[in-house]
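# Geometric and topological summary
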Amino acid sequence: MPAGLFELTGQTALVTGSSRGLGRAMAEGLADAGAAIVLNGTDPDRLAAAAGGMRGRGFIAHEACFDVTDEAAVAAAFARLDGDGIAVDILVNNAGIQWRQPMVDLATADWRRVMETNLTSAFVVGREAARRMIPRGRGKIVNVGSLMSELARATIAPYTVAKGGIKMLTRAMAAEWAQHGIQANAIGPGYMLTDMNQALVDDPAFDAWVKGRTPSRRWGRPEELIGASVFLASAASDYVNGQIIYVDGGMLAVL
Ligand code: GCO
């Protein structure tokens, strides 16, 4: 195997929504593979704590506190990184929220908020990153999808539609940016043990359904996304584009 195929030393990765949950786990995994990390979140204290933890493990961790749904804040954050001489080689569009409510009761404002956070932000942050990756002739973009990139579940329509959009945005990015040496792909996590899902984990019926419906008979752990993240962030995926890799214990593979 060529040396350094999965090595990220010398690379910098911006992971949106990385002060906790899946984003934090992927950030730690990319750092373990050698990348310097730009952590992102909207809570400065939580972001500082996450960065401190990573620095305590000997990793390079920068803090970029901005709201991915605020286009001006995204542009300003990239301008600050430019000014600090920090080039984003790897972008992980992870930031996302969940909103569980039947559509007939759903306020349009809540629909819009989920779409803005889970889908539009990936376009806006991706566009800023690509504007800088294209002149360099290289870059890695990893969008975070979901089981809902393929299948719907009742009461989470905006999340489902947004995650379906993430799959097609990934292909759109590949269509336009692959020629510039950028590989844009996605990861589709299954039911993972995160704060966002705690209410589901604590629901005995839902917990039993996940364990019964998943061939691996268990919830996934955030750190189980690290392998796919490092693969899609590294030279190992230089000829992979527009794909989505499901890390779901086999749930999408079976009825
Ligand atoms: C839900 C969950 C799911 C998972 C994940 C599955 O309410 O069904 O929040 O959406 O979080 O997205 O891939």
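Residues numbered from 1 in each chain as written. Predicted model: local features only at pLDDT ≥ 70, side-chain atom pairs only at ≥ 80, totals over all residues. Heavy atoms only, no water.

## Details of the layout of surface pockets
- When its volume is computed, the largest pocket comes out at roughly 910 Å³.
- In terms of lining residues, the largest pocket is bounded by 40 residues, among which Asn 94, Ala 95, Gly 96, Ile 97 and Met 196 are the most central.
- Taken together, the elements giving at least two residues each to the lining of the largest pocket come down to α1 (21-32), β2 (36-41) and α5 (157-177).
- Considering each element in turn, the lining of the largest pocket owes the most residues, three residues, to α1. (1 Å grid on protein atoms, 1.4 Å probe; cavity = no way out; pocket = protein on both sides within 12 Å on 5 of 7 lines; lining within 4 Å. Points joined across faces, edges and corners; volume = space filled by probe spheres on them. Helix = DSSP H or I, 4+ residues; strand = E, 2+ residues; numbered from the N terminus.)

## Some details on the site of the ligand
- Lining the immediate environment of the ligand, one finds 14 residues, of which Arg 100, Arg 153, Tyr 159, Pro 189 and Tyr 191 sit closest.
- Take Arg 100: an N or O atom from its side chain is 2.8 Å from an oxygen atom of the ligand.
- Relative to its unbound accessible surface of 330 Å², the ligand loses 98% to contact with the protein.
- Its atoms largely coinciding with the cavity grid, the ligand occupies the largest pocket.
- Here the residues of the shell around the ligand are counted per class, giving eight nonpolar, four polar and two charged. (Near = heavy atom within 4 Å. Polar contact = N/O pair within 3.5 Å; in protein donor to acceptor, adjacent residues only side chain to side chain. Areas by Shrake-Rupley, 256 points an atom, 1.4 Å probe, with all protein chains shown as cover. Sits in = over half its atoms within 2 Å of the grid points. Nonpolar A, V, L, I, M, F, W, Y, C, P; charged D, E, K, R; others polar.)

## Points about the nonpolar core
- Among the nonpolar cores identified, the biggest contains 30 residues, and Leu 91 and Ile 141 are the most heavily contacted of them.
- Among the elements that make up this core, the one with the highest residue count is helix α4 (residues 108-136) (eight residues).
- Discounting chain neighbours no more than four positions away, the residues touching Leu 91 are Leu 14, Thr 16, Val 125, Gly 126, Ala 129, Met 133, Lys 140, Ile 141 and Val 142.
- Counting 29 residues, the second-largest nonpolar core is a separate cluster that includes Val 15, Ala 50, Ala 61 and Val 92. (Core = buried A, V, L, I, M, F, W, Y, C linked by side-chain atoms within 4.5 Å. Buried < 20%, exposed > 50% of the residue type's maximum accessible area, 1.4 Å probe, protein only. Contact = heavy atoms within 4.5 Å.)

## Looking at the packing of helix α3 (residues 71-83) against α4
- Two elements in contact, α3 and α4, have axes separated by 9 Å at closest approach and are oriented at 30°. As far as their axial angle goes, α4 and α3 are roughly parallel. Remark: the crossing between α3 and α4 carries right-handed chirality. Contacts between α3 and α4 involve Glu 71, Val 74, Ala 75, Phe 78, Ala 79 and Asp 82 from the first element and Val 124, Val 125, Arg 127, Glu 128, Ala 129 and Arg 132 from the second. (Axes fitted to C-alpha atoms, helices over the stretch in contact; angles between N-to-C directions. Parallel < 35°, antiparallel > 145°, perpendicular 65-115°, else oblique. Left-handed = near helix turned anticlockwise from the far one by under 90°.)

## Concerning unusual backbone geometry
- Phi is positive for Thr 155, close to 80°, though the residue is something other than glycine.
- For Thr 155, the position within the fold is in the loop between β5 (139-144) and α5.
- Among the residues examined, Thr 155 registers a relative accessible area of 33% and is labelled partly exposed.
- Phi at Arg 217 is positive, roughly 55°, even though this residue is not glycine.
- For Arg 217, a relative accessible area of 52% gives the class exposed.

## What about helix α7 (residues 204-213)?
- Taken together, the buried positions of α7 are occupied by Phe 206, Asp 207 and Val 210. Projected down its long axis, α7 carries its buried residues within an arc of 100°, all on one side. Exposed positions of α7 whose direction lies more than 90 degrees from the buried face are Pro 204 and Ala 205.
- Among the residues of α7, the N-terminal cap falls to Asp 203, whose side-chain oxygen and the backbone nitrogen of Ala 205 are separated by 2.9 Å. (Arc of directions from axis to C-beta.)

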